[in-house]
Structure formats: structure tokens, C-alpha cells
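Listed here are the chains, written in short residue letters.
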2 protein chains.
Amino acid sequence: MKIVSSQSDLKNNLSLVSRAVPSRAEPAVLANVLIEATETSQKVSMTAFDGSMGIKTSFNAEVIEGGSITLPAKLFNDIVARLPEMEITLSVAEEENNFIATISSTSGEFRLAGIDAEEFPELPQVKGEQVMELPIAIVNEGLGGCLFAASTELSKQVLTGVHLKTKVLGESDRADILEFAATDSHRLAVVATDLNQEDIESESVVSLPDFAVTIPAKALRELERIVADAGESDRIKVSFDEVVMVFELGDRLLTSAKIPGDYPAYGQLIPQNFAREMIVDRKRLLSSLELVAVLAQKNNLVKFSLSNDLGELTVSADAQDVGNAKQSLPAEIMGEDIEIAFNIKYLMDGLKALPTAEIKMQLNEWNQPVIFSPLGGLDMTYLVMPVQIRN
Amino acid sequence: MKIVSSQSDLKNNLSLVSRAVPSRAEPAVLANVLIEATETSQKVSMTAFDGSMGIKTSFNAEVIEGGSITLPAKLFNDIVARLPEMEITLSVAEEENNFIATISSTSGEFRLAGIDAEEFPELPQVKGEQVMELPIAIVNEGLGGCLFAASTELSKQVLTGVHLKTKVLGESDRADILEFAATDSHRLAVVATDLNQEDIESESVVSLPDFAVTIPAKALRELERIVADAGESDRIKVSFDEVVMVFELGDRLLTSAKIPGDYPAYGQLIPQNFAREMIVDRKRLLSSLELVAVLAQKNNLVKFSLSNDLGELTVSADAQDVGNAKQSLPAEIMGEDIEIAFNIKYLMDGLKALPTAEIKMQLNEWNQPVIFSPLGGLDMTYLVMPVQIRN
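Residues numbered from 1 in each chain as written. Chains lettered and ligands numbered in written order. Predicted model: local features only at pLDDT ≥ 70, side-chain atom pairs only at ≥ 80, totals over all residues. Heavy atoms only, no water.

## Some remarks on the interface of chain B and chain A
Filter applied, for reference: Any pair of residues with heavy atoms lying within 4.5 Å of one another is described as a contacting pair. What gets called buried area is simply the loss in accessible area from a 1.4 Å probe that two parts show on being joined, summed for both. Just to be clear on terms, a salt bridge is a Lys or Arg side-chain nitrogen sitting within 4 Å of an Asp or Glu carboxyl oxygen. Think of a polar contact as two N or O atoms within 3.5 Å of one another; within protein, one of them needs to be a possible hydrogen donor and the other a possible acceptor, and neighboring residues in sequence only count if both atoms come from side chains. Secondary structure elements follow DSSP: runs of H or I no shorter than four residues count as helices, runs of E no shorter than two count as strands, and numbering proceeds from the N terminus. Gly counts as polar in this scheme, as do all residues outside two lists: the nonpolar Ala, Val, Leu, Ile, Met, Phe, Trp, Tyr, Cys and Pro, and the charged Asp, Glu, Lys and Arg.
Listed by partner, the interface residues are 27 residues for chain B and 26 residues for chain A. In total, about 2,200 Å² of surface goes out of reach between chain B and chain A, with carbon and sulfur atoms giving 56% of it. When the buried area of chain B at its contact with chain A is split by residue, Phe110, Leu291 and Val294 of chain B rank highest and sum to 23% of it. Across the contact surface, chain B and chain A share zero salt bridges. Along the contact surface separating chain B from chain A lie twelve residue pairs in polar contact (both at pLDDT 80 or more). Of all elements in the fold, only helix H2 (73-82), strand E9 (108-113), helix H6 (282-292) and strand E21 (323-330) of chain B reach the threshold of two or more residues within the side of chain B that touches chain A. Across the side of chain B that touches chain A, the residue classes tally to twelve nonpolar, seven polar and eight charged.

## Remarks on the UniProt feature "domain: DNA polymerase III beta sliding clamp C-terminal" (unreviewed entry) in chain A
What counts is decided by this rule: UniProt positions are given in the numbering used here, feature names are shortened, and annotations may be inferred rather than shown by experiment.
Cross-referencing UniProt, the feature "domain: DNA polymerase III beta sliding clamp C-terminal" (unreviewed entry) maps to residues 268-387 of chain A in the present numbering. Helix makes up 18% of residues 268-387 of chain A and strand 46%. Its end C-alpha atoms lie 20 Å apart.

## So, the pattern of salt bridges
Rule in force here: Here the term buried applies to any residue with accessible area under 20% of the maximum for its type, exposed to any over 50%, and partly exposed to those in between, with areas from a 1.4 Å probe on protein chains only.
The full count for this structure, using the stated rule, is 26 salt bridges over all chains. Two residues, Lys218 of chain A and Asp50 of chain A, come together in a salt bridge whose shortest N-O distance is 3.0 Å. You can see Lys218 of chain A sitting in helix H5 (residues 217-227) and its partner Asp50 of chain A sitting in the loop between strand E3 (43-49) and strand E4 (53-60), a full 168 residues away along the chain. Residue classification places Asp50 of chain A among the partly exposed positions, given a relative accessible area of 22%. Among the salt bridges present, the one from Arg187 of chain B reaches Asp184 of chain B, with a minimum N-O distance of 2.7 Å. Accessibility classification places Arg187 of chain B together with Asp184 of chain B in one group, the buried group. One network of salt bridges, in which partners are shared, links Asp184, Arg187, Lys345 and Asp349 of chain A.

## Things to note about the sheet that holds strand E23 (residues 338-343) of chain A
Put simply, the rule reads: Here the rule is simple: two strands pair whenever DSSP picks up at least two bridges between them. Angles shown run from 0 to 180 degrees and are taken between the N-to-C directions of axes, each axis being a line fitted to C-alpha atoms and, for helices, limited to the stretch in contact.
Across the sheet, which stays open at both edges, the nine strands sit in the order E23(A)-E19(A)-E20(A)-E21(A)-E9(B)-E8(B)-E7(B)-E1(B)-E5(B) with antiparallel pairing between neighbours. In the strand order of this sheet, the two ends are held by E23 of chain A together with strand E5 (62-65) of chain B, each with one partner. Between one strand axis and the next, the sheet turns through 20 degrees on average, direction left out of account. Where strand E19 (residues 301-307) of chain A meets E23 of chain A, six bridges bridge the pair, whose relative direction is antiparallel. If you follow Leu306 of chain A over to E23 of chain A, its bridge partner there is Ile338 of chain A. Each of strand E1 (2-6) and strand E7 (87-92) of chain B is contacted by helix H1 (residues 7-18) of chain B, which is oriented at about 95 degrees to E1 of chain B, the strand it contacts most.

## Structural notes on the side chain of Thr314 of chain B
All names here are of chain B. By secondary structure assignment, the location of Thr314 is in strand E20 (residues 312-319). Of note is the side chain of Thr314, whose polar atom sits 3.0 Å from the side chain of Ser328. Other than its neighbours up to four places away in sequence, Thr314 contacts Lys303, Phe304, Ser305, Lys326, Gln327 and Ser328.

## Brief notes about the nonpolar core
Condition: In plain words, nonpolar cores are sets of buried Ala, Val, Leu, Ile, Met, Phe, Trp, Tyr and Cys residues tied together by side-chain atoms within 4.5 Å.
Grouped together as the largest cluster of nonpolar side chains are 220 residues, with contacts concentrated most on Phe304 of chain A together with Phe304 of chain B. When neighbours within four sequence positions are excluded, Phe304 of chain B is seen to be in contact with Met278, Leu285, Leu289, Leu313, Thr314, Val315, Ile338, Glu339, Ile340, Phe342, Leu347 and Met361 of chain B.

## Quick word on the UniProt feature "domain: DNA polymerase III beta sliding clamp N-terminal" (unreviewed entry) in chain A
Here, UniProt's "domain: DNA polymerase III beta sliding clamp N-terminal" (unreviewed entry) annotation points to residues 1-124 of chain A. For residues 1-124 of chain A, the end-to-end C-alpha separation is 25 Å, with 18% helix and 44% strand making up the annotated structure.

## What to know about the domain arrangement of chain A
Residues and elements named next belong to chain A. Stated precisely, the cut-off is as follows: As annotated, the domain borders come from an automatic or database domain assignment.
Segmenting chain A into domains produces domain 1 (2-119), domain 2 (130-266) and domain 3 (272-384). Using C-alpha coordinates to define each centre, domain 2 is positioned 29 Å away from domain 3. Applying the counting criterion to the domain 2 and domain 3 interface returns one salt bridge. Arg187 serves as the salt-bridge partner of Asp349, at 3.1 Å between the closest nitrogen and oxygen. Inspection of the region where domain 2 meets domain 3 yields five residue pairs in polar contact (both at pLDDT 80 or more). Elements with a minimum of two residues in the side of domain 2 that touches domain 3: helix H3 (136-144) and strand E13 (187-194).

This is the structure in C-alpha cells:
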């Protein structure tokens, strides 16, 4: 194998796939990146796989001699990242059982011990596939609005994922809504994206009226990264079977095992009627929370006091023996005055993800679920359970 | 006490003095910042002290009512740093044994429990002082060129400091050189600054022919920070006695205990004659070292191979079973070819501190001390002991 590539192409692709390299590799070859070069297409591909999530990219390079090898991801990455922008030659001499790669540039060279490409497992393939194409905007909105609410505790299994499901509203077979949901059992974020937008080709989703899958949030965070520099009009091809889901964007591919098991029926947790409602400036509320958070470091508790008469929301935190904090901001309030408390971290997470300048808070009593949603635009619902106020 | 100040004045002064707040405060009041407001001068001062190092700043503010209090440094800092740029009122109600401060702005307020200012110890004062004034440039050159080489191991006592001493070259009583030196016993950095510069007033140093003190590097790192935004023509007033050294720059004051004990006679370690010499581009050598460092992660060993014929320096690292790295760069070499090895971290530290585009390396044999120095400009000497090459 012998290829010549720009430092930036090597670096960008390597840093992208490296995200799928596990911190503890078992078998050892998974600590490596698979590099495959094809002479006919003049393309180089890189693949990494942690046993559940795999990332593969391919890019144009001068392939003088095709071939493949796997190289230690971290070392290879460290070397390439430190090299200046220049042409880099990567070669493996054609000898039997030679897995030493030479990385050379004008100023010098590195020799790295790799592992036979034959030992690298194949990425899981989708069998009897179901396929759809989704516009980037839908994926960005859906993930941006709910990924943060997934649980990070591995023991919570299905809650470490994001649940994707389609909904049919009309009489046709065609799905109208693609819903993204995540919850860690303390809070729930749901984004319903409209599939009946002009720029979605009807044939791409028509065959999927009833699909519902749960994908690890970890993999979807990488998907967010992969689509970050895509154009607004690009589309992601999504294919899946019972076990695996594959996302493709141009030369980039992400594969993930689905999380088996039933996802909670979250729809029934969301109240439909509310005794109170408040509209408030999102950034201003977020700034106020960041301020009082300084005094909420021990119990993470923030109290909301809604004053209908004053048209004012007061947020406050109390750290016994240390001090307390109080910030007020104007708010449009409907319903009777109330005091209600939350875990401040949950609130701040949600406020950061809500995409509009103003937001709506809907609630009933101090011990019942509260809904935060954007005012206009996206159909996003963020449910937070309040916390009992200690007096 | 009641003062009104801009958020930025409070923030900048607080973050400066906070550096002297110890992580484990004993007595507890040292976890606080002392705030003193004087009505007549319309000035507010802040003081922090870790038992060895103290920082005091003062700034203009609207002092409506003079007074003093101490407040928890971290919390106060966190609050002020998060407030937007606006006027902030800090007040303590005039009641007996009331040590609760109110920090208020237009949007709300904080109440913080403080401790009586009476409990805050006075910063050590200099008795029967010796005084000199030093231009900022001399202090910056001296500290920048040697602070990195001081030991960070507390058990190394005198080596955790920077040694400052004056030297008389001529027949007068007047000191001609102020030398800054630091060593951790593996490497030694010495900067000799010329006191006979036009902009140093003769009377300021004339009385100090023989002074030699060792100041904790920790305090001098803060001094570096304090002088960072000073003008080139500013001067630092330095006063000291047997125990304490005080640095003053305008409204900022840093006090530090001296480190007792004899500093090593480092001058005799520096060879005067060399069999070999090399001149090389500093940044290029640093880049090459950063590259090969990837393969030197285990033993920190880098090998220099000097080739007089080729006019080339090759730096290389070898990580057994993993790979190796080699980078070459042009160098002006005098003397016979040689291979010599170093701790790569020590080299990189020194190269970052050397201030010129090209540097000189002077050496004798592979097991004798090597000197790195800037080519022109500052009189700086960086001595590194080589490491035995394992073959």
C-alpha cells in the first residue's frame, strides 16, 4: 500500500472516525483504525468500530498502490494532527506479514507497528433493508432538541437512547410526523418534526408508517457531529433492520446497534390541560438561572415564584449558612400565583436546547409535571418534574 | 459599608487577588477576601493571603459609606463573574455582629455570609526596608527566562524558588547585573539582566551591591500575571528585609515570604569551554520535538544526532514494539559528529522560553552538561544534563 494525501484530509477523516475507537479495546485490533486504499477509484477509506457503533469515511487521495492495514488510532491521530499542512505519504512495504507503516513527509518519517487488516471485524450490515431519506434540518432539529435529556447511566439501558418513531395522522399509509424523544426518568424531551415539508420526497418515507426504534444517544451525538458541516439541502440516507441502523451522508457512514426493549409510553405523561401559563424571554431566564446557580451548588434546587400582579418571575436559591440569591425578570403570567421548585441543572439543559427567543411554561400545581416549549417554530415539548420545596 | 462599582472593576480585582486564596484555608478566614472601603479616598481595596503570599489591589469606586468585611472568595468571584457589565452595589448593614453582605444589581440580589474583617491577618510588612525600582522589562525577561525551571516538588524547598542576586562588575558600589536563576536539579536556567540601562535610575539600585534572595516561584508566577498588562515604561518597587519581599506596581501589591536556606552555587556547574557548537532555528526544532514526542511518551527520551558534513540535526525517538520517529532539520554545526540524548520535556520547556529566532547549543561529550542560549539579545543560559542512551 502506498498513498499520498494532504495532511488536512488525513487529519479530518481520522479525527472523525476516531470517535468510534473504544477506550478499552477488546479485541485489541479495535484500538486501531482500518485504512483501505483502492487504486481504481483513487479513494482511501478509514473505519473504526467499538463493537456497537462504527464510523467509516472515504476521501480522495493519490493511491499509488492499493492495500490495507490497521494502525493504532491514538498514535496515528497524534502524529497527523501535529504535522504541518503538507503532503504526507503513508506506505506499507509489500512483504509477507509486514504490518509496519511508514508515515513520511519532507522533514522526516515515522514508523508505526500496525495489525493485519484481516483481523478487523466487518461493520454490521443492514439485511432486508428499510430505507428513508431525511433532510439535514429534520435530523438537526430532532437531535438538538432531545439528545441532552437521554440518560448517561449505562444501567438505564433503553433510557440511554433516543427513541425515533413515525406517526400517521391522515388516512394514507404515509407517515406525517417523525418524533424524537429522550428521557432519563426525571425529564423528557420530545421533538415532533413534520415530514410533509415540500423538500421531502414522498417516496422516501411512504413505506414506513409504523416504525419505532431506539438508538444509543452516544451514536447520535456522533451523527450530530457528522452532519455539522453538511449543507442545509443535503440528505441523510437511513437504512435499518431489526438489529442495526445505518446513517449515510455522502462519503460518511455511521452504523449503530439498536437498543432492544420497549421504550416508555411517554405520550401519556404529558398533561393536556393547564391551570397556569407563563411566557418569558429564554436567554434572560437562562442568565438569571446561571446567576442563582452559584448559590444552588449543594442541593441544585431553584425556586420559581410567579407573580401575576407584578408580571414578574423571581428565581431564587438558598444555601443555608452561606447565603442566598434572588433574580427577577418580567414575565407574561396567566393563572394564580404559585411557588414551584426544580433541579436547576435540568432547567438549564432544556433552556439551552429550546430554539426560540421566547418560551412558554405550562403548569398545574407545585407537584405536577411542568412543560416548557418554544414559542412558535419547532414542535418541542420539554417536561420536567418539580422538586418538593423544603421549608 | 456601602459601595457602588462597575462589574468589570470588581471582577478584575477580585480575580487577581483570588490567586492568593489557599485551597485549604487555615484559619478559615483565609478562604475569604478582605474588602475595605474608604470614604475619604473613594477607594476600595481587596486582599487575599495564603500564609506565605499575599495580594492586595485597590481601585476607585463610589464609597457611600466606608467599612470592611471579608467574603468567601470563590462564591463572591463566581457571582461577580456571572453578572453582566453594570453597576453593582455591595453593602453591609451597620448593625453589631452583622457580617452579611448584600450584592445587588438591577435584576436582583445576593446575600452572602462573611466573617468579621478583624479576623483577617495583616499582610507581613517589610521592616528597615531596602528598596529598589526595577523596569517591567527586566522583571519580564528575568521571570520569563527561568520560572519554568523551578521545581514543583514542595520537598525540594529552596529549589521551588527563583534565586535573585545582584553582581558588581566594576569598582563602584553599584550593582551592574541582576541575575534570575532557577533549577530543579535536572536543568538550570539563568538570566542575567543589565542594570546599566539608560532607563534605570542609578539611585534605585546603588545601595544593593550584594543582595541575594530566593522567592517562591508560585509568588513570582503571580507577579508575572500582575505585571502582564503594565506599560513598558512602568516600574516595580521592590522592598525587602530578612524575611519578606514586597513588589508594588501602582495600586497592586504582592508580598511573599522568602525561602530561607542557601541556594546552590550554580555558577560553577556551567562549563566555560566547549568542543562542539550548533546554531539552529528555534521554532523549527521545537516543531520537530513536538512531532517525535508522540513516540517518546513512555521514556521521554529524545536523541540528537549532529552531522557536521550534512549540516543537519536529526532528532529521533523510539518506542519499542510501537514504532519510532525521526525528523531532520538544517543546522550550522561546529565540531565532530555526536549522538546525545535528553529528556524531551526539559528541552521543550527551555526552547519555549528562549526568546530568539535562532539558538545556540554548546556541548562537549554525550555525558556532560549542554548549554542552550539565545543568539543575540538576552543573556540567558539554559543548562540541561543529557541522559544515557540505551542501546
